[in-house]
Amino acid sequence: MANKTQEVGGIHFPFPFTPYSIQKDFMAELYQVLEAGKIGIFESPTGTGKSLSLICGALSWLRDFEQKKHQEEARLLETGTIPLSDGTEQPPSLSSSCKETPDTPRPAGEPDWVTQFVQKKEERDLVDRLKEEQVRRKKREERLQQIRHNAQLKYAARRARQEEEEMERLLRLSREMLAAGAEAEPREQLACGEEELVLAEYESDEEKGAASGVDEDEDDPEEEHVTKIYYCSRTHSQLAQFVREVQRSPFGKDTRLVSLGSRQNLCINEDVKTLGSAQLINDRCMEMQRSKHEKSKAEEEKPKRRRQEHRAACPFYSYEQLHLLRDQVLVGVKDIEQLVALGKEARACPYYGSRFAIPAAQLVVLPYQMLLHAATRRAAGIRLQGQVVLIDEAHNLVDTITGIHSAEVSGAQLCQAHSQLLQYMERYGKRLKAKNLMYIKQLLYLLEKFVTVLGGTELKTINDFLFESQIDNINLFKVRRYCERSMISRKLFGFTERYGTVLAASREQPRLAGFQHFLQSLQPAVTKTPVTPVEEGEAGVPRLASPLMHIESFLAALTTANQDGRVILSRQGSLSQSSLKFLLLNPAVHFAQVVKECRAVVIAGGTMQPVSDFREQLLACAGVEAERVVEFSCGHVIPLENILPLVVCSGPSSQQLEFTYQKRELPQMMDETGRILCNLCTVVPGGVVCFFPSYEYQRQVYAHWDKSGLLARLAVRKKIFQEPKRANQVEQVLMEYSRCIKCCGQAGGTVTGALLLSVVGGKMSEGINFSDNLGRCVVMVGMPYPNIKSPELQEKMAYLDQTLPRGPGQPPPGKALVENLCMKAVNQSIGRAIRHQKDFASIVLLDQRYARPSILGKLPAWIRDRVEVKATFGLAFAAMRKFHREKSVLS
């Protein structure tokens, strides 16, 4: 791709082709937001090149920032002073990067010579620090340059790997010989004292280094975290697509980019990968890391027990190989798949190798959860202080943060954790210190009380839940800290993996039987058979290796401030299926740390309307001043005449269209919907995608049409497809839908395409591309309001009414939330159609409530400015027929 550098407002933006004018505006505004340290809300419709605008705008700013920083460092090292605004000089110790400013007073009565001495020392410290940073930077650049151009260094890792494999082969042969010799001739008993003459198991210094992994790095100076951009999105496929865009951009060759992912996505140890679930993979990885250190410690404490068996350390967790992989990661832009392939070739773990590369990276690509969850950030080595964060596909950011920090535990998990923990204490109780026993007993008490309250369906404040559970006398902060530091859940995982869920030893049975009676007393009417602690007789209850991990998340959630969360007690058919759920009401609590630490944050998406959710629920509640927030919304690249958005208020038989809960199931409303679609399918070529508010309503309408004969009338013009409930069937349905449209377009005849019946918020309302003939018309049946009777939604509405101010002439914040949730879902669904500059489509909103100014104002700008409200179906149908006839002729 050619580099078409654009100059906008004196700033040079390299671009792979001549950008649209809206892309120039996007990059210029993004640059200013990053430079001024603001919070930006950016909306750029799908098909307008949002990803490239983000890449070229942000990396152009980073290029200029680094250049200015290096120039300033060079001048400081040369002069030792920095200029004041009046043209005089001041020592570098008083620069903005240090704690003191020129106006900071020294202690009263301090002698001048003391002040001068302190200033001189600060100057020397700053210069020394800059020199150290320059040396580290130069070494890194030389190292990466060598990897790029030095073929000998490129294959050094491969040679080392071949040597290691040969050593492993010889060692295996030696062990086989010893085993064969032992079988042929029994080992002779040694005389007293002769044991000392036998060589202990040998381990070379190199092998120690390879096995102990990152501990070798403890004496190395910590690498500088350069100013960087953290880019995050929802899914790994979206992140991979972004990385491919970076590779194709003018910045693709020189940017140090790191892709982060979970162990499940990055692990190359086949023995660990076969465990399947993310939790088991994480547990095993941590166990293998610790195995070497625990073995060394055991040998120091008990030298006579040299021949204990220990789980092998991971062969891909090697200090030398990980650092080689780190440097290879930083040379050239790589996505997750390429990173995994590189790790396999280098026999080094991509999960840890990518984390080693974070400090020197300029662009870090990672999933939402890794950035928005503080504990996960810390574990990954992510530092946000002074950095830039770009959050893409952010239309559901509020819900995402709420979901990440909410927690739910089932009765089955509580019972399993209690059983496992009780058996663990019985087996190792005499070896445990007093504090360990105290905390384990507290955990057992908490689990029993949690099971006790599972007697009904209620919603409680955190404090009420603690009081009614009779656990308000326990310091949950200390219990949480104990769980984190002692890693009790991981110990429990190893224990249950070794001994199974229930031990057969007779001494455990009295205590377990006591818990069985306790459980039985909670639900005497359910069954006469004893209820086992792990509910083994319950069909369909998944057995988790470490249920205590889920319970730790719930305990952590209970330490949230009382006003910011609620606890929902849900009683189902049995104790196992009942649950405790923590609902976060204030996501700003967790987002506040991000906006406080970062230099700048950009929230971007294709459809960000309505933005009031971001401003009020996230930013204002996180303490962000209104002046720091910048909104940018650009139009679409398609011509005005390529889109026809209509609000249709009545149907062919003059039936008013208002799909409320009370009216939408009426036979006449379902009939009118069918007649509208029959008419539309006669004038719309190719594919029609029709969205319903829910799966249940779609099923009801489909059954009614089948009975009334409307389905057969629709099938004359379009082959009918339904969105499947199972995710693994979506791809197949889409392939058949696409194939049908293509065949109909080539064959001619009465069937002109296909009709796809979909659901708002379902599998096809986000991330699916209905471009060109796949989506010539998108129909929205009714308004997909959330269930107003939901306890969670009612509590959220009440919380917003209490905490957010109500503007003059505005609805209560809780009511506005319901409307915003509805319109966000609508905007996501109707955005599936127009995907590029030459695309065209009609958008039909079937409900007269869409004509309200408050609703129209929440549509994306590129639709809002062109929408037409049609009071009768005749007017709407005439506009549709004219639009598609003209477009079909031109195409």
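Residues numbered from 1 in each chain as written. Predicted model: local features only at pLDDT ≥ 70, side-chain atom pairs only at ≥ 80, totals over all residues. Heavy atoms only, no water.

S.K.: Honestly, the overall build of the protein in this entry has me stumped. Any pointers?
M.R.: Looking only at helices and strands, one finds 34 helices and 22 strands in the protein. Per-residue burial over the protein gives 50% buried out of 891 residues. Taking the intrachain contacts of the protein between residues at least 6 apart in sequence as the baseline, contacts between residues at least 24 apart amount to 78%. Just so you have it, the protein exposes about 43,600 Å², and 51% of that area is on carbon and sulfur atoms. (Helix = DSSP H or I, 4+ residues; strand = E, 2+ residues; numbered from the N terminus. Buried < 20%, exposed > 50% of the residue type's maximum accessible area, 1.4 Å probe, protein only. Contact = heavy atoms within 4.5 Å. Areas by Shrake-Rupley, 256 points an atom, 1.4 Å probe, with all protein chains shown as cover.)

S.K.: Before we go on, may I ask you to explain the sheet that holds strand 21 (residues 841-846) in this structure?
M.R.: Strand-to-strand pairing in sheets goes through backbone hydrogen bonds, with the strands running parallel or antiparallel. Here 7 strands make up an open sheet; going across it, the order is 18-19-17-20-21-16-22 and the pairing parallel. Either end of the sheet is taken by a strand with one partner, and the two such strands are strand 18 (718-722) and strand 22 (868-870). When strand polarity is set aside, the average angle formed by the axes of neighbouring strands in this sheet is 20 degrees. For strand 17 (residues 686-692) and strand 19 (residues 753-759), the ladder comprises 7 bridges, and the chain directions are parallel. (Pairing = 2+ DSSP bridges. Axes fitted to C-alpha atoms, helices over the stretch in contact; angles between N-to-C directions.)

S.K.: What is the right way to read the packing of helix 17 (residues 411-428) against helix 23 (residues 547-557) from this model?
M.R.: Axes are the key here: two packed helices are described by the angle between their axes and the distance separating the axes. Taken N-terminus to C-terminus, the directions of helix 17 and helix 23 make an angle of 115 degrees; their axes are 8 Å apart at the nearest point. Relative to helix 23, the element helix 17 lies roughly perpendicular. Regarding helix 17 and helix 23, the two cross each other, and that crossing is left-handed. Along its contact with helix 17, which presents Q413, L414, Q416, A417 and Q420, the element helix 23 presents P547, L548, H550 and I551. (Parallel < 35°, antiparallel > 145°, perpendicular 65-115°, else oblique. Left-handed = near helix turned anticlockwise from the far one by under 90°.)

S.K.: Would you explain the environment of L30 in this entry?
M.R.: Looking at the element boundaries, L30 is found in helix 1 (residues 21-36). In the structure, L30 is positioned 572 residues away from V602 in sequence and 8.1 Å away in space, judged by C-alpha atoms.

S.K.: Teacher, can you tell me more about the nonpolar core here?
M.R.: Most often, soluble globular proteins keep nonpolar side chains buried together rather than apart. Of all hydrophobic cores here, the largest spans 66 residues; its most connected members are I391, L397, F591 and V601. No other element matches the 5 residues that helix 12 (residues 336-346) contributes to this core. In contact with F591, other than residues within four places in its own chain, are L372, I391, L397, I401, V601, I603, L618 and L619. V409, F450, V479 and L555 belong to the second largest nonpolar core, which has 43 residues in total. (Core = buried A, V, L, I, M, F, W, Y, C linked by side-chain atoms within 4.5 Å.)

S.K.: Would you explain the pattern of salt bridges in this entry?
M.R.: Oppositely charged side chains may form a pair once their charged atoms are brought near each other. Summed over the entire model, instances satisfying the criterion amount to 20 salt bridges. The partner of E35 in a salt bridge is K68, and the shortest N-O contact between them spans 3.3 Å. Here E35 is found in helix 1, whereas its partner K68 is found in helix 2 (residues 50-79), with 33 residues between them in sequence. With a shortest N-O distance of 3.8 Å, K581 and E792 are connected by a salt bridge. Taken together, the residues span a long stretch of sequence, with K581 in strand 13 (residues 579-584) and E792 in helix 30 (residues 791-803) at a distance of 211 residues. (Salt bridge = Lys/Arg side-chain N within 4 Å of Asp/Glu carboxyl O.)

S.K.: What should I look at first to understand the pairing of strand 14 (residues 600-605) in this one?
M.R.: Along a regular strand, successive side chains alternate from one face of the sheet to the other. Counting buried residues along strand 14, 6 of its 6 residues qualify, which places the element largely inside the surrounding structure. Taking every second residue as pointing to the same face, both faces of strand 14 are buried, with A600, V602 and A604 on one and V601, I603 and G605 on the other. Bridge count between strand 3 (residues 39-43) and strand 14: 5 bridges; the pairing is parallel. Each residue of the ladder has a partner; that of E43, found in strand 14, is G605. Pairing of strand 9 (residues 388-391) with strand 14 involves 4 bridges; the strand directions are parallel. Following the sheet pairing, L390 is matched in strand 14 by V602.

S.K.: What should I look at first to understand unusual backbone geometry in this one?
M.R.: Where the residue is not glycine, phi is negative for most of them; where a peptide bond is considered, it is trans in most cases. Following Q609, the chain continues to P610 via a peptide bond in cis, the omega torsion being -10 degrees. Take P610: it is sitting in the loop between strand 14 and helix 25 (612-620). The phi dihedral of E393 falls on the positive side, at around 50 degrees, and the residue is not glycine. For E393, a relative accessible area of 24% translates into the label partly exposed.

S.K.: When you look at the packing of aromatic side chains in this model, what are you seeing that I'm missing?
M.R.: Each aromatic ring pair is summarised here by two numbers: the centre-to-centre distance and the angle between the ring planes. Enumeration according to the criterion identifies 19 aromatic pairs in this entry. Ring centres of F26 and F632 lie 5.7 Å apart, and the angle between their planes is 85 degrees; this geometry places the pair in the edge-to-face category. Note that F26 is positioned in helix 1 and F632 in strand 15 (residues 629-633), a separation of 606 residues in sequence. The pair F26 / F632 is uniform in exposure class, with both members buried. Ring geometry for F721 versus Y737: centroids 5.9 Å apart, planes at 90 degrees, classification edge-to-face. Within this pair, whereas F721 is found in strand 18, its partner Y737 is found in helix 29 (residues 730-747), the two being separated by 16 residues in sequence. Residue classification places F721 among the buried positions, given a relative accessible area of 8%. In this structure Y737 comes out as buried when scored by relative accessible area, which is 1%. Ring pairs connect the aromatic residues F26, F42 and F632, which therefore count as one cluster. Above the ring of Y351, the side-chain terminus of R355 is found at 3.8 Å from the ring centroid. Over the aromatic face of Y697 sits the side chain of R664, whose NZ or CZ is 4.9 Å from the ring centroid. (Phe/Tyr/Trp six-rings, centres within 6.5 Å; stacked < 30°, edge-to-face > 60°. Lys NZ or Arg CZ within 6 Å of the ring centre and 35° of its normal.)

S.K.: Just to check I follow, could you spell out the sheet that holds strand 3 for this structure?
M.R.: Spatial ordering of the open sheet is given by 7-8-6-9-14-3-15, a layout of 7 strands whose pairing is parallel. The two strands at the open ends of the sheet, each matched to only one other strand, are strand 7 (257-259) and strand 15. Across the sheet, the axes of successive neighbouring strands diverge by a mean angle of 15 degrees, strand direction being ignored. As judged from the 4 bridges shared by strand 6 (residues 229-233) and strand 9, these two strands associate in the parallel manner. Residue pairing in the sheet places Y230 in a bridge with V389 of strand 9.

S.K.: What is the right way to read the environment of S60 from this model?
M.R.: Tracing the sequence through the fold places S60 in helix 2. With relative accessibility at 0%, the residue S60 sits in the buried group. Spatially, the C-alpha atoms of S60 and I11 are 8.3 Å apart, while their sequence positions differ by 49 residues. Residues within four places of S60 in sequence aside, it is in contact with H12, F13, P14, Y31 and F251.

S.K.: What is the right way to read the packing of helix 16 (residues 397-405) against helix 25 from this model?
M.R.: Taken N-terminus to C-terminus, the directions of helix 16 and helix 25 make an angle of 35 degrees; their axes are 10 Å apart at the nearest point. Together, L397, V398 and I401 of helix 16 and D613, F614, Q617 and L618 of helix 25 make up the contact between the two elements. Its residues placed into classes, the contact of helix 16 with helix 25 shows 5 nonpolar, 1 polar and 1 charged. (Nonpolar A, V, L, I, M, F, W, Y, C, P; charged D, E, K, R; others polar.)

S.K.: Whenever I open this one, the confidence of the model for the protein confuses me. Can you help?
M.R.: Caution applies to low-pLDDT regions: their predicted coordinates should not be interpreted in detail. Here the protein shows a mean pLDDT of 79. Residues at 70 or above account for 75%. Contacts for the low-pLDDT stretch residues 303-310, under 50 throughout, to residues beyond four places or in other chains number 7 contacts. Low pLDDT (under 50) marks residues 523-543, which in the prediction has 40 contacts with non-local residues, meaning those over four places away or in another chain. (pLDDT = per-residue confidence, 0-100.)

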